[in-house]
Amino acid sequence: MPETLATLTNLRNQLLDTVAPSAIRSFDNQISSIPGIIKLTLGEPDFNVPEHVKAAAIKSIEENDSHYAPASGKPELRQAISDYLKDSRGVTYNPADEVLVTVGATESLASITYGLLNPGDKVLVPTPAFSLYFALIKMAGAEPVMIDTSSDGFQLTAKRLENEIEAAGDQVKAVLLNYPNNPTGRTFTKTELEDLAAVLKKHELLVIADEIYSDLTYDQDHYSLATLLPEQTLLVSGLSKSHAMTGYRMGYVAGPAGIMRSVAQIHSYLVVCVNDATQAAAVEALNNGREDPLVFKKAYKKRRDYIIEKMTKMGFQIATPQGAFYVFAKIPDQFGKDDFKFALDVAEQAQVGLIPGSVFGAGSDGYVRLSYAASDDNIKVAMERLATYMEKF
Ligand SMILES: Cc1ncc(COP(=O)(O)O)c(C=O)c1O
């Protein structure tokens, strides 16, 4: 193993000092070695990639589809994304310069923040929110401004948005909205989005709409800000959740050409392009697998309802998640507000892995997030163990 040359240990982008290591991953690692633990920690579907999608990836490899693709994505994939967005969002994106294929939605978000933000810029982020956002915005030298929505049932209202934009001042460049939300599972109705869109239009702000869970809504159809404000919205999504393709690393962003240009430019410097087999699989998933998420959705809904029933009986308070595959539960008062202590104790004493709420930003302390992208058997045993643990107090 090479020794680090002492004089090189100071080489480090100073912005990294403003960014904590991924708290979700580090907590998950911390509890992983506990013998027999059932982890409901990560947003990792327990389903396999649909067979016809796998076959498309295999065919691509066998046919020596192994060369650099166009940086923005293969034309047939950009066309498939455009067709899917036309049918699902009612917006026509030109595959030539309004659609970009990325390494997961993570790279969409990274290319957006690095490609569009400057030091001093502010981005409003309603919280609880996926913690990656804070890190990416900071690594771009900009500042995430959290809007704590806990007092509004974890829902950003138009009035609140208006107030926060006014309070944050001229440096606000964008608002990052994730619906259905990780970790709360909350999403917006069409009317709520129309109210938000009116405020965003008035202030001419960029909207980064992370809709990666849009195919997993349980009680209502997904509606998109891109439909209402296409000229201001960058729509981010991918196939990690809808088609259980987390390891394929397939995401995309769509938006107006004038904004997409900078996003595509940084993307090409960062990754050149997404691998060919993943792109072939994605074409198949989007053209012929639009029904695939329905199977997952049915299973997730059953699990959601089961968990809510069990955990409510144990004394947790839960605002019913309308989408995604997480339950964000308020820890009963008698356990205190320290969600890290609670989650660690549950992991050690009950062998159940939950994520401490406070990693999701302002308004999240005193909660835990549980992912029900886990097998029915594991969920059942985890609920039994948790119930036994809670009963002891
Ligand atoms: C809200 C949200 N956005 C983006 C991502 C990243 O998705 P991908 O695996 O496509 O990079 C996740 C993954 O958990 C997520 O929850």
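Before reading on, note that the structure itself is shown above.
Residues numbered from 1 in each chain as written. Predicted model: local features only at pLDDT ≥ 70, side-chain atom pairs only at ≥ 80, totals over all residues. Heavy atoms only, no water.

1. Looking at the site of the ligand
Around the ligand there are 13 residues in total, and A105, T106, D210, Y213 and K241 lie nearest to it. Taking A105, its main chain carries an N or O atom lying 2.8 Å from an oxygen atom of the ligand. K241 places a side-chain nitrogen or oxygen 2.7 Å from an oxygen atom of the ligand. In the complex, 93% of the free accessible area of the ligand, which totals 400 Å², lies under the protein chains. Judged by its atoms lying within 2 Å of the grid points, the ligand is housed in the largest pocket. (Near = heavy atom within 4 Å. Polar contact = N/O pair within 3.5 Å; in protein donor to acceptor, adjacent residues only side chain to side chain. Areas by Shrake-Rupley, 256 points an atom, 1.4 Å probe, with all protein chains shown as cover. 1 Å grid on protein atoms, 1.4 Å probe; cavity = no way out; pocket = protein on both sides within 12 Å on 5 of 7 lines; lining within 4 Å. Sits in = over half its atoms within 2 Å of the grid points.)

2. Topic: the packing of helix α1 (residues 23-32) against helix α12 (residues 339-350)
Axis separation between α1 and α12 bottoms out at 10 Å; the angle between their running directions is 30°. Compared by their axis directions, α1 and α12 come out roughly parallel. Where α1 crosses over α12, the handedness of that crossing is right-handed. Counting all contacts with α1, which are made through F27, Q30 and I31, the residues of α12 involved are F340, A343, L344 and A347. Broken down by class, the residue content of the contact of α1 with α12 amounts to six nonpolar, one polar and no charged. (Axes fitted to C-alpha atoms, helices over the stretch in contact; angles between N-to-C directions. Helix = DSSP H or I, 4+ residues; strand = E, 2+ residues; numbered from the N terminus. Parallel < 35°, antiparallel > 145°, perpendicular 65-115°, else oblique. Left-handed = near helix turned anticlockwise from the far one by under 90°. Contact = heavy atoms within 4.5 Å. Nonpolar A, V, L, I, M, F, W, Y, C, P; charged D, E, K, R; others polar.)

3. Describing the layout of surface pockets
Taken as a whole, the largest pocket spans an internal volume of roughly 860 Å³. Considering the residues around the largest pocket, the lining is formed by 35 residues, among which S22, I24, T106, F130 and L132 are closest to the centre. Within the residue set of the lining of the largest pocket, elements represented by two or more residues are α1, α4 (104-116), α5 (132-139) and β4 (143-148). Looking at side-chain class alone, the lining of the largest pocket contains 19 nonpolar, nine polar and seven charged residues. Looking at which domains feed residues into the lining of the largest pocket, each of domain 1 (6-48 + 293-391) and domain 2 (51-288) gives three or more. One number sums up the size of the second largest pocket: a volume of about 440 Å³. (Points joined across faces, edges and corners; volume = space filled by probe spheres on them. Domains from an automatic or database assignment.)

4. Structural notes on the pattern of salt bridges
Applying the stated rule across the entire model yields 20 salt bridges. Where K74 meets D276, a salt bridge forms, and the shortest distance between an N and an O atom there is 3.4 Å. With a gap of 202 residues between them, K74 in the loop between α2 (51-62) and α3 (75-89) and D276 in helix α10 (residues 276-288) connect regions that are remote in the sequence. By the burial criterion, K74 is buried, and D276 matches it. (Salt bridge = Lys/Arg side-chain N within 4 Å of Asp/Glu carboxyl O. Buried < 20%, exposed > 50% of the residue type's maximum accessible area, 1.4 Å probe, protein only.)

5. Remarks on the side chain of E211
Within the secondary structure, E211 sits in the loop between β6 (206-210) and α8 (225-228). Since its relative accessible area comes to 0%, E211 is described here as buried. Sequence-distant contacts of E211, defined by excluding residues within four places in its chain, comprise R89, Y179, H222, S224, L225, L235, V236 and S237.

6. Here we look at the packing of aromatic side chains
Overall, the coordinates contain 18 aromatic pairs when judged by the stated rule. When the ring of F342 is compared with that of Y389, the centres are 6.1 Å apart and the planes differ by 75°; the resulting orientation is edge-to-face. Here Y389 lies in helix α13 (residues 376-391) and F342 lies in helix α12, a separation of 47 residues in the sequence. Just as F342 is buried, Y389 falls in that class too. An aromatic cluster is built from F47, Y213, F296, Y300, F325, Y326 and Y372, whose rings are joined through pairwise contacts. (Phe/Tyr/Trp six-rings, centres within 6.5 Å; stacked < 30°, edge-to-face > 60°.)

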